[in-house]
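The chain contents come next:
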Amino acid sequence: LNPTMVISEFLLRPNCSVERIFLENQDFQLDDEKLEIFVNVLGTNHTLKELAIDADDTFTSNGWNKLSSVLCNATSIGATYASNHTITRFGRNPNQQPDTVRHFLEMNTH
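Residues numbered from 1 in each chain as written. Predicted model: local features only at pLDDT ≥ 70, side-chain atom pairs only at ≥ 80, totals over all residues. Heavy atoms only, no water.

Trainee: Would you take a moment to explain the environment of Ala52 for this structure?
Mentor: Secondary-structure assignment places Ala52 in strand 2 (residues 50-54). A relative accessible area of 5% means that Ala52 is categorised as buried. Spatially, the C-alpha atom of Ala52 lies 12 Å from that of Phe38, the residues being 14 residues apart in sequence. Excluding residues within four positions of it along the chain, Ala52 makes contact with Ile21, Phe22, Leu23, Arg89 and Gly91. (Helix = DSSP H or I, 4+ residues; strand = E, 2+ residues; numbered from the N terminus. Buried < 20%, exposed > 50% of the residue type's maximum accessible area, 1.4 Å probe, protein only. Contact = heavy atoms within 4.5 Å.)

Trainee: Whenever I open this one, the sheet that holds strand 2 confuses me. Can you help?
Mentor: In a beta sheet, neighbouring strands are held together by backbone hydrogen bonds and run either parallel or antiparallel to one another. Strands sit in the order 1-2-3 across an open sheet of three strands; the sheet is parallel. Across the chains shown, the open sheet's two edge strands, defined by having one partner strand only, are strand 1 (20-24) and strand 3 (89-90). With two bridges connecting them, strand 2 and strand 3 associate as parallel partners. Opposite Glu50, over in strand 3, you have Arg89 as the bridge partner. (Pairing = 2+ DSSP bridges.)

Trainee: What is the right way to read the nonpolar core from this model?
Mentor: For soluble globular proteins, the rule of thumb is that nonpolar side chains tend to be buried together. If you look at the biggest cluster of nonpolar residues, it comprises 23 residues, and the most contacted ones within it are Leu51, Leu67, Leu71, Ile87 and Phe90. Only helix 1 (3-11), helix 2 (32-42), strand 2, helix 3 (61-71) and helix 5 (99-108) provide two or more residues apiece to this core. Per-element tally for this core: the top contributor is helix 2, with five residues. When residues no more than four places from it in sequence are discounted, the contact partners of Phe90 are Leu35, Phe38, Leu42, Leu51, Phe59, Leu67, Gln97 and Leu105. (Core = buried A, V, L, I, M, F, W, Y, C linked by side-chain atoms within 4.5 Å.)

Trainee: Looking at this model, I keep getting lost on the packing of helix 3 against helix 5. Mind explaining?
Mentor: Running from amino to carboxyl end, helix 3 crosses helix 5 at an angle of 25°, the nearest separation of the two axes being 9 Å. Relative to helix 5, the element helix 3 lies roughly parallel. Helix 5 is crossed by helix 3, and the crossing has left-handed handedness. Between helix 3 and helix 5, the contacting residues are Trp64, Leu67, Ser68 and Leu71 on the first element and Thr100, Val101, Phe104, Leu105 and Asn108 on the second. Counted by class, the contact of helix 3 with helix 5 contains six nonpolar, three polar and no charged residues. (Axes fitted to C-alpha atoms, helices over the stretch in contact; angles between N-to-C directions. Parallel < 35°, antiparallel > 145°, perpendicular 65-115°, else oblique. Left-handed = near helix turned anticlockwise from the far one by under 90°. Nonpolar A, V, L, I, M, F, W, Y, C, P; charged D, E, K, R; others polar.)

Trainee: Whenever I open this one, the environment of Ile87 confuses me. Can you help?
Mentor: As for its position among the elements, Ile87 is in the loop between helix 4 (77-82) and strand 3. The spacing of Ile87 and Asp54 is 33 residues in sequence and 17 Å in space, taken between C-alpha atoms.

Shown next as structure tokens:
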């Protein structure tokens, strides 16, 4: 059973109203592949505010860029408007996030 897929399928349901998810699992490791699954969810889910995952992450700059683009897609005015402006927390340690991701998450708190 893939926990990333189970969580993402749950969050993609139209009637999902979950605002916070906190996961603790020492065996769960986040990588770009799993991050992309969550990025796809965040593109359509606008109720989730916090996805806190207590796990080691091995994101590359490519993975972080994908997350950044769903938080603020600057390709057009419509894309920026449709970006996810709800989520305020992602991952375990904000200090390990690139400045752009941390900035967009902070903007969503206001």
